[in-house]
Amino acid sequence: ALIIVAASEPVLVFTKRVEIAGVGDVARYSAQLPVHAIILVDVSPSMHRERRLQQAYAAVSAIVSALNTSDIVTLAVFGGEVEHVYTGNITGFKVPDFTSYVINYTSITAALGWALSQQRVLGLPAAVFVVTDGVHNFGGDPVEATRSLNASGIPVVYVKAGEDPRAVGFFTALKRLGFTVIEAEYLDETSIKHLLLKAVLEAKYEAVISSGRSYVEVEERVSVPTPALALASLALLVASRIEGV
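Criteria and cut-off values
Residues numbered from 1 in each chain as written. Predicted model: local features only at pLDDT ≥ 70, side-chain atom pairs only at ≥ 80, totals over all residues. Heavy atoms only, no water. Helix = DSSP H or I, 4+ residues; strand = E, 2+ residues; numbered from the N terminus. Buried < 20%, exposed > 50% of the residue type's maximum accessible area, 1.4 Å probe, protein only. Lys, Arg positive; Asp, Glu negative; His and termini not counted. Salt bridge = Lys/Arg side-chain N within 4 Å of Asp/Glu carboxyl O. Polar contact = N/O pair within 3.5 Å; in protein donor to acceptor, adjacent residues only side chain to side chain. Contact = heavy atoms within 4.5 Å. Axes fitted to C-alpha atoms, helices over the stretch in contact; angles between N-to-C directions. Parallel < 35°, antiparallel > 145°, perpendicular 65-115°, else oblique. Left-handed = near helix turned anticlockwise from the far one by under 90°. Nonpolar A, V, L, I, M, F, W, Y, C, P; charged D, E, K, R; others polar. Phe/Tyr/Trp six-rings, centres within 6.5 Å; stacked < 30°, edge-to-face > 60°. Lys NZ or Arg CZ within 6 Å of the ring centre and 35° of its normal.

(A) Region of interest: the side chain of D42. Tracing the backbone shows D42 in strand β2 (residues 36-42). Here D42 occupies a buried position and makes no salt bridge, while the nearest side chain of opposite charge, R52, is found at 7.7 Å. Side chain to side chain, D42 and S44 meet in a polar contact 2.8 Å long. Filtering out sequence-adjacent residues up to four positions away, D42 remains in contact with M47, L53, F78, T106, V131, T132 and D133.

Next comes the structure, spelled out in structure tokens:
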């Protein structure tokens, strides 16, 4: 029987628990750690200046490319109000032409509140990515709204499009509080993609840990050494022959 087993090149299959100890583990086991990535893109009139919406397009493309097929992505555009564009998996997602959207005024606070409501609908660990020039002129304090969302276990990452002097105080306050702000104005698409890959993995890690998910179950396959089985079968055969004598 051992000879037959050895000839079949057996494999032992078992499951082990792996603790999620950092961003590296999130990258390694990303498929088993689905999150809800909520992307908010500012399409107010100021975002239609210079190349800000082109930077937004590159940023959204980079965020989505950093996600796993097990993740869910939601895209919305906003100004003074929020317009839902897409919710689903990344395989069915296509980055739209943001220049076709214009919504007057800018309320980053309203957009963050909308994101919170979307997270509650799906119930998955969530991370929010805000693409904006930072010029807000409507609603409550967006810095306080960002702090509140983060305190609830939903990390927030900002992509700064363009360079507007009216937004200097806003982005300075975010950086001072430790929030990630990626300045797309000074980066090419390759750099944006690299930085957002890192930001997405870090946000996924924060979201997963905040949700209480600290481990994954991993299936391991170990080949049984066939020479050892063959030797064991030979030893048993010899022993049986001796016993027969």
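(B) Region of the structure containing the packing of helix α4 (residues 108-122) against helix α5 (residues 142-151). Where α4 meets α5, the closest approach of the two axes is 8 Å, and the angle between their N-to-C directions is 20 degrees. Taken as axis vectors, α4 and α5 run roughly parallel relative to one another. Along this stretch, α4 crosses α5, giving a crossing that reads as left-handed. On α5, the residues that touch I108, T109, L112 and L116 of α4 are P142, A145, T146 and L149. For the contact of α4 with α5, the per-class residue count stands at six nonpolar, two polar and no charged.

(C) Broad picture of the packing of helix α3 (residues 52-65) against helix α7 (residues 189-210). With their axes 8 Å apart at the nearest point, α3 and α7 run at an angle of 45 degrees to one another. Taken together, the axes of α3 and α7 are oblique relative to one another. In the packing of α3 onto α7, the handedness of the crossing is right-handed. On α7, the residues that touch A58, A59, A62, I63 and S65 of α3 are E189, I192, K193, L196 and V200. Looking at the contact of α3 with α7, its residues break down into seven nonpolar, one polar and two charged.

(D) Molecular detail of the packing of aromatic side chains. Going through the model one piece at a time under the given rule, you end up with four aromatic pairs. Centroid distance Y158 to F170: 5.6 Å. Interplanar angle 85 degrees. Geometry classified as edge-to-face. You can see Y158 sitting in strand β6 (residues 156-160) and its partner F170 sitting in helix α6 (residues 168-176), a full twelve residues away along the chain. Linked through ring pairs, Y158, F170 and F171 together constitute an aromatic cluster. We note K160 situated over the ring of F171; from NZ or CZ to the ring centre the distance is 5.9 Å.

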